[in-house]
Amino acid sequence: MPFEHFVSLDCSMSRGGKCSIVLPPRSPLGTVAGLSYLHEDTWPAVFLCLRHGQACVRSDQNILQRVEPMGLFRLPLWQIVSECGHEDCGRPHTTYADKAQDWATLVKLILIATPSIRCGDHSLVWRGDLMRGVEFAHNSLMR
Ligand SMILES: [Zn+2]
Ligand SMILES: [Zn+2]
């Protein structure tokens, strides 16, 4: 029976609905090896729920496993590096999100959601032209 690894997000509790992000077989976060998930040292990692506009920090202790639902189409996981657009800041922030098939849509969703992330003494200022992303597919043929 195929399993998938995922993290559930804070918004699951507070705002109804279960939000989670499924980790693809291979990404900067780690690699699926049989039934285990071999995580990289990129954790703790910041995940964005673009449905509720929330950013959520998860550690490798929060990686969960469940039976993979059959025949479910999965949007890719995106690793997003955003330089803060606050005046003279430019600090890079790495986050992860799903919910979009292509980069233009993802940027649009992030700019609508503008999840709140601490950046020094201010909040990260999201700007489309200061963001770049890499996508990691859920390729079930690779399992
Ligand atoms: Zn959510
Ligand atoms: Zn900043």
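In case you missed it, the structure is sitting above this.
All figures in this text were calculated on a predicted structure; none of them were measured in a lab.

Enquirer: It is not clear to me how the sheet that holds strand S10 (residues 92–97) should be interpreted in this structure. Could you clarify?
Expert: A sheet is described by the order of its strands in space; here five strands give the open sequence S7-S6-S10-S9-S13, paired in mixed fashion. In this open sheet, the two edge strands, each paired with only one partner strand, are strand S7 (54–58) and strand S13 (131–136). Direction aside, the axes of adjacent strands within the sheet are offset by 30° on average. The sheet contacts of helix H2 (residues 103–113) involve strand S6 (45–49), strand S9 (77–83), S10 and S13, and relative to S13 the element is tilted by about 125°.

Enquirer: Mind showing me how you'd approach unusual backbone geometry here?
Expert: Across the chain, the bulk of peptide bonds are trans and the bulk of non-glycine residues have phi less than zero. Here Trp43 and Pro44 are connected by a cis peptide whose omega angle stands at -5°. Residue placement: Pro44 occurs in the loop between strand S5 (36–39) and S6. Positive phi, normally seen in glycine, also occurs at Lys99, with a value near 75°. Positionally, Lys99 belongs in the loop between S10 and H2. Here Thr114, not a glycine, exhibits a phi torsion of approximately 30°, which is positive. For Thr114, the location among the structural elements is in the loop between H2 and strand S11 (118–119).

Calculation notes
- Residues numbered from 1 in each chain as written.
- Chains lettered and ligands numbered in written order.
- Predicted model: local features only at pLDDT ≥ 70, side-chain atom pairs only at ≥ 80, totals over all residues.
- Pairing = 2+ DSSP bridges.
- Helix = DSSP H or I, 4+ residues; strand = E, 2+ residues; numbered from the N terminus.
- Axes fitted to C-alpha atoms, helices over the stretch in contact; angles between N-to-C directions.
- Contact = placed C-beta atoms within 7 Å.

Coordinates in, geometry out; function isn't part of it.
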